[in-house]
Amino acid sequence: MAFLEWRRFNFFDLNKDVDNGKIAEALKEAKVVAATSGHGHLVLGDSEGNIHLVTRLMHVTSFRAYALHVVLAEQLRHSPLLVTVGEDEPGEHPVLKVWYLDRMDKQGHPSCVRLTRASPSHGKVTPASALCVHDSATMLAIGFSDGSILLLRGDITRERGCKQRTLRDGNTAVTGLSFLCTAKHTLLFVATNANVFFFNITHKEKEQKVHLDGMGCAPRCSVLAESLPDSQFMIGREDAVYCYTPDGRGPCYAVEGQKQLLQWFRTYLIIVAQENKTGPGGIIRSATTANSTSTVGEPGSTNDQGKQLVTVLDIQNKFIVFSAAVREVQAVLAEWGAVYLLTGGGDGTAPRLWLLQERDLQSKLALLFKKNLYDVSIRIAKSQKYDAEGLVDIFRQYGDHLYAKGDHSAAIEQYIRTIGRLEPSYIIRKFLDSQHIDKLTTYLQALHKQGLATGDHTTLLLNCYTKLNHTDRLKEFILTKDREVDFDVEIAIKVCRHASPEDALLLARKHAHHDWVLKIQTEDRGCYKEALEYIASLDFEQAESMMRGYGSVLLQHVPAEATALLKQLCTAYRPQGAGPAVPAECADAEDFLHLFLNNSSRLVEFLEHVCSTRPQQNALVYNALFEHRLHLWAAAHAKEELAEARMLETQAVRLLQSPDANYDKEQALVLCQALDFRPGLLHLYEENKLYQQIVQYHLRQGDYSSVLAACRRFGNQDPSLWIQALLACAKDADTPSQVLGEVLSVIEKERLLPPLLVVDALASAGGVATLGDARKYLLSVLAAEGELLQQENTLIEKYKQETERLREQIRTAQTQAVVFQGARCWACHHPLELPSVHFLCQHSYHQHCFQSFAENENECPACLPNNKKILDIIRSQEQSRDLHETFHSQLERAEDGFSLVADYFGRGVFNKLTVVTDSVASTPTAPAKPLIITKVSEPLHSYGPGAEARIRLGEGQHSQTAQDSRRGGGITVPVPEGRMRQDEGRPLTTVDLNPVAASPPRPPVSRPLVSVPPVQLVQVSAPAISSTNPFEEDESYDEAKNPFAEDNPFTEELSTNPFSEDEDYDKNLNPFES
């Protein structure tokens, strides 16, 4: 691209004298011979050996670096290291010094961390002409005027460990050096007066030289553009600027003029060239004319000597972004995001510092927008990494500009770039006219490719294809296989369905939209068999879903084929064309019952096949099958198709009787009642044990033979059926007499109803039944009542005799002594031995047998079960008697109080309970004959030490004399009534008669095997019981035998009574003291 074709803009502002003369004051008469920048400083080296550091606030700090003058200087961009080359002595090798700017010496100047002679390997004194330092401070290169290059590797701040090597090529002076590090190699670009080449210095002592060009450049006319994608090494010559890469020579830019200095800033190339107006129409003259710039150094001056043109090029976008003439440019420095120009210093003029400040991006874009240079603004925004939202706004403005100019094709290209950021409706509204449909189609296609189209966009695009009659593009859009689906398939099907159902069907089949395939086949094309074949080819789940939705329509038009497919789907379904390796699946038949609306015959056919193949079905399936069979049976009866009705009746009854039929019996019963299906009704009545309903049904039908048959069959389960039949027959005058006679005979035989109620039932029938009908029944009842009366009289006499016998036994027990003659134990059946236990019921036991087998020590084990029954009866009667409050409350609410009172009389509530405590007391003069044992081994000692313990032991073994006296007389101490009630039925033991048995029994192992003679019981006469107070003192009472007497020696041994009142006792402290 020719340089003259580059557009020119002014994106920089130039400000002069930003240092306010501070640099001129610091330099005085010296001249700047070296300049560099980095790490927040502008570094200037003068001809007198001084280094001047300029900060951002234009504070100048100077220090003496060399005795003679500074030759070269290089400041690392991100490090406080400053590398200088200068001369301290004339005629000697230049001196290399490394300064650490952040570390000060005693004089307050930056400290010098390294000082060494910079001399090539040949040892000749050669002036240094170029200097380059790597940003990592590990490599340094110095070029000399004889073409030698001194390369130092290692830490440049230390002389030890830093190795140097001399690289030499020709005899021309080195004018420029630059390090370039790639992913694999480290290169050193070298520019001389005659050529350009680079050394591959990746490996030590194996440097390789690669020649690039046979043209060289002047000092300071080379620079490395690192911010470019391919990192080009540029040199400036009089005719152009040439670029080089490791691969060889790159592009060149035809910038005329004698180049004096090149500098790189961000993405810009800054060229300082000598202005030459003598050339015929050169670029410099064109630049000056285009920008109407005069000499900046002296505005309005006519002196052109020393005038230089400063040009800033945007290499990426091919723009000239700044061009101005400036006098005597000594150095161009980039720091703090701006460019500084140092001018003057020659011909007695004072050095001055100029600031070249780049305008912000918004200012640039505003300038371009005013000139409608949107394409330029887009390039600039992209090069400066403008955000996506800003770029979209530029594209929109550019598109609006082109649309206003009438360039709709270019406008739509810009609008396409806004997809994803700008609302599509903004563009669509602009191109809705019929003349712009093709442009709108292009935009909608791009919208679909990016996957951002909605259903409305798809509809609009397909409508555009239809209006433009682009059927090929329409098919290509919807049926293409080379790209992913970037549109809403359903919307496309909807649109194509109206225009071309065939295309819509193809699209639906391709994208497996089964619902749309069936809609088009059934609603648009009417191809029902093809729809069934398509469903049969689907997977199980899809086929099941489609049949639920479209089965009703298919059954209306192709019922046989649809029913066959449903049978297959609910028994063993495999997709059409699938092999036996595919497992068969089954659907639930109840999910398809709603499809057979008003088509009972097909439903019965479908359900019969399903139930015969898979009997384990839901109750809903069997209910539906039974119901629709009944409907078909009723329809056949209505049409008088008897054979068909008889067959359906048989099938329905067989279904009810089937053990696998899982139907709802209640629902089936309702159906049978609604349709008057007699066989099913009777079967269900019998299944549900509704025998009375069976009889009622036959009675309603007037079928008395069936009534008798039902009563004979189910009378054992429900005897009330005969009573129901009696009541019905008594009211019906048409009832055959033999039926009523059989019913009365069974009632009389089974005693199902009292005769009075039978007579009342016959009499309340309104005179239908006559006495002759009931004559046989009444005679039989009267005869049976006579026999029963005779049996009851016999039983009464028996009870009277039994009662008299019991009274005699009671009287004998109360007035006479009972002799126990049992010789064997009722528990072990061994001979009876002492100690033994005797009961009035004539049962006797060994004491150890009784303790082992008895559940209660007061009850005979043999009589205990019968006694328990009797006691339970008495207890229940006693509990029912204590119902006074309940009786009164019920009596107040009762309508018939007499019946309630009679009921309570029968329960014995009003009977007075009489408890006989002792019959002896009522007959004090009766002779009492107590039971005694004639042979007593040892008398009872109730006194002396241990007497109380023996008495307690005897009480624990129930050896109370009071009990003996109750049974045999000789009462000495009266027993309370409550105690007597507790002791009723307590056995009489020999311990009561023999005090020796009160001692604890010995263990069986230590007991001697001595035969004990049986107990001999004799009757002795006893004195009459005195009627005097038994609690009065007896004169014959021996006080010495009383263990609690006051003069008993045993009580004398004891301490004072602990229960006697203490004199020191305080009653106020007792909480229970009243």
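Residues numbered from 1 in each chain as written. Predicted model: local features only at pLDDT ≥ 70, side-chain atom pairs only at ≥ 80, totals over all residues. Heavy atoms only, no water.

Draft legend 1. A look at the overall build of the chain. When its secondary structure is counted, the chain shows 37 helices and 34 strands. Counting all 1074 residues of the chain, 42% fall into the buried class. Residue pairs in contact within the chain that sit at least 24 positions apart in sequence constitute 50% of those at least 6 positions apart. Counting only carbon and sulfur atoms, one obtains 50% of the accessible surface of the chain, whose full area is about 59600 Å². (Helix = DSSP H or I, 4+ residues; strand = E, 2+ residues; numbered from the N terminus. Buried < 20%, exposed > 50% of the residue type's maximum accessible area, 1.4 Å probe, protein only. Contact = heavy atoms within 4.5 Å. Areas by Shrake-Rupley, 256 points an atom, 1.4 Å probe, with all protein chains shown as cover.)

Draft legend 2. Focus on the packing of helix H21 (residues 678-687) against helix H22 (residues 691-701). Two elements in contact, H21 and H22, have axes whose closest approach is 8 Å; the angle formed by their N-to-C orientations is 150°. Relative to H22, the element H21 lies roughly antiparallel. Considering how the two elements wind past one another, H21 and H22 form a crossing that is left-handed. Contact residues: H21 offers Arg678, Leu681, Leu682, Tyr685 and Glu686, while H22 offers Tyr691, Gln693, Ile694, Tyr697 and His698. The residue inventory of the contact of H21 with H22, partitioned by class, reads 6 nonpolar, 2 polar and 2 charged. (Axes fitted to C-alpha atoms, helices over the stretch in contact; angles between N-to-C directions. Parallel < 35°, antiparallel > 145°, perpendicular 65-115°, else oblique. Left-handed = near helix turned anticlockwise from the far one by under 90°. Nonpolar A, V, L, I, M, F, W, Y, C, P; charged D, E, K, R; others polar.)

Draft legend 3. Up close: the nonpolar core. Judged by nonpolar contacts, the single largest core of 159 residues is most densely connected at Phe12, Tyr443, Met547, Leu554, Phe606, Phe626 and Leu726. Of the residues forming this core, the biggest block, 8 residues, is contributed by helix H18 (residues 619-638). Ignoring anything within four residues of it in the chain, the contact list for phenylalanine 12 reads Phe265, Tyr268, Val312, Val321, Phe322, Leu356, Gln357, Glu358 and Arg359. Counting 19 residues, the second largest nonpolar core, distinct from the first, contains Leu72, Ala128, Val133 and Leu150. (Core = buried A, V, L, I, M, F, W, Y, C linked by side-chain atoms within 4.5 Å.)

Draft legend 4. Examining the sheet that holds strand E24 (residues 268-274) more closely. Spatial strand order, E1-E26-E25-E24-E23: 5 strands in an open sheet with mixed pairing. Each of the sheet's edge strands pairs with one partner strand only, and the pair in question is strand E1 (7-8) and strand E23 (258-265). Bridge count between E1 and strand E26 (residues 319-327): 2 bridges; the pairing is parallel. In the strand pairing of E26, arginine 8 is matched with isoleucine 320. (Pairing = 2+ DSSP bridges.)

Draft legend 5. Spatial organisation of the pairing of strand E9 (residues 95-104). Summarising the sheet, strand E8 (residues 81-87) and E9 pair through 6 bridges and their orientation is antiparallel. Note on E9: the bridge partner recorded for threonine 84 is lysine 97. The turn joining E9 and strand E10 (residues 110-117), which pair antiparallel and follow one another in sequence, is formed by 5 residues; a positive phi near 85° is taken by glycine 108.

Draft legend 6. Seen up close, the sheet that holds strand E15 (residues 174-181). The sheet built from 4 strands is open, its strands ordered E15-E16-E17-E18 with antiparallel pairing. Looking at strand neighbours, the two that pair on one side only are E15 and strand E18 (208-213), the edges of this open sheet. The mean inter-strand angle of the sheet, taken between neighbouring strand axes irrespective of direction, is 20°. For E15 and strand E16 (residues 186-192), the ladder comprises 7 bridges, and the chain directions are antiparallel. For cysteine 181, the partnering residue across the bridge sits in E16 and is threonine 186.

Draft legend 7. Quick peek at the pattern of salt bridges. According to the stated counting rule, one finds 27 salt bridges in the structure shown. For the salt bridge of arginine 249 with aspartate 213, the shortest nitrogen-to-oxygen distance reads 3.5 Å. Of this pair, arginine 249 sits in strand E22 (residues 248-253) while aspartate 213 sits in strand E18; the two residues are 36 residues apart in sequence, bridging distant segments of the chain. Here arginine 602 ties to glutamate 605 by a salt bridge, and the two come within 3.1 Å at their closest N and O atoms. (Salt bridge = Lys/Arg side-chain N within 4 Å of Asp/Glu carboxyl O.)

Draft legend 8. Representation of the packing of aromatic side chains within the structure. According to the stated counting rule, one finds 22 aromatic pairs in the structure shown. Considering the side-chain rings of phenylalanine 189 and phenylalanine 233, the 5.1 Å spacing of their centres and the 15° angle between planes classify their relative orientation as stacked. Taken together, the positions of phenylalanine 189 in strand E16 and phenylalanine 233 in strand E20 (residues 232-236) put the pair 44 residues apart, joining distant regions of the chain. According to the relative accessible area criterion, phenylalanine 233 is buried, its value standing at 0%. (Phe/Tyr/Trp six-rings, centres within 6.5 Å; stacked < 30°, edge-to-face > 60°.)

Draft legend 9. Looking closely at the UniProt feature "coiled-coil region" (unreviewed entry) in the chain. Under the feature "coiled-coil region" (unreviewed entry), the UniProt entry names residues 789-816. Helix makes up 96% of residues 789-816 and strand 0%. Its end C-alpha atoms lie 40 Å apart. (UniProt positions renumbered as here; feature names shortened; annotations may be inferred.)

Draft legend 10. A look at helix H12 (residues 501-510). Looking only at H12, the buried set comprises Asp503, Ala504, Leu505, Leu507 and Ala508. The positive-phi residue at the C-terminal boundary of H12 is alanine 512, with phi of around 60°.

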